[in-house]
Amino acid sequence: MMSKSNKHLVMSLSYLGISWALLFWLHFSTEPNIFTHFVAIPSLLMFTGYSAYQIINKRV
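Just so it is clear, the model here is predicted, and its values are computed rather than measured. (Residues numbered from 1 in each chain as written. Predicted model: local features only at pLDDT ≥ 70, side-chain atom pairs only at ≥ 80, totals over all residues. Heavy atoms only, no water.)

Asks: Explain the environment of Met 11 here, please?
Replies: Positionally, Met 11 belongs in helix 1 (residues 4-29). Residue Met 11 is classed as partly exposed on the basis of its relative accessible area, which comes to 43%. In this structure, the C-alpha to C-alpha distance between Met 11 and Ile 56, residues 45 residues apart in sequence, is 8.1 Å. (Helix = DSSP H or I, 4+ residues; strand = E, 2+ residues; numbered from the N terminus. Buried < 20%, exposed > 50% of the residue type's maximum accessible area, 1.4 Å probe, protein only.)

Structure representation (structure tokens):
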């Protein structure tokens, strides 16, 4: 049986992997646009990283 901290770690890494894979796909599949490539996608990468951090530190 997994402890809650290991469960949160696995869930966080899964979320991060899926989110970042989709964002990298979006980065390479959209037409060149300065805002998208230098503002929106990096911001989404940081926000998903922060969300993954929050999942790891979830106290139940």
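Asks: So what exactly am I meant to see when it comes to the environment of Leu 45 here?
Replies: Residue position: Leu 45 is located in helix 2 (residues 34-56). A sequence separation of 29 residues divides Leu 45 from Leu 16, and the C-alpha atoms of the two residues are 9.0 Å apart. Sequence-distant contacts of Leu 45, defined by excluding residues within four places in its chain, comprise Trp 20 and Leu 23. (Contact = heavy atoms within 4.5 Å.)

It is worth stressing that arrangement in space is one thing and function is another; only the former is reported here.
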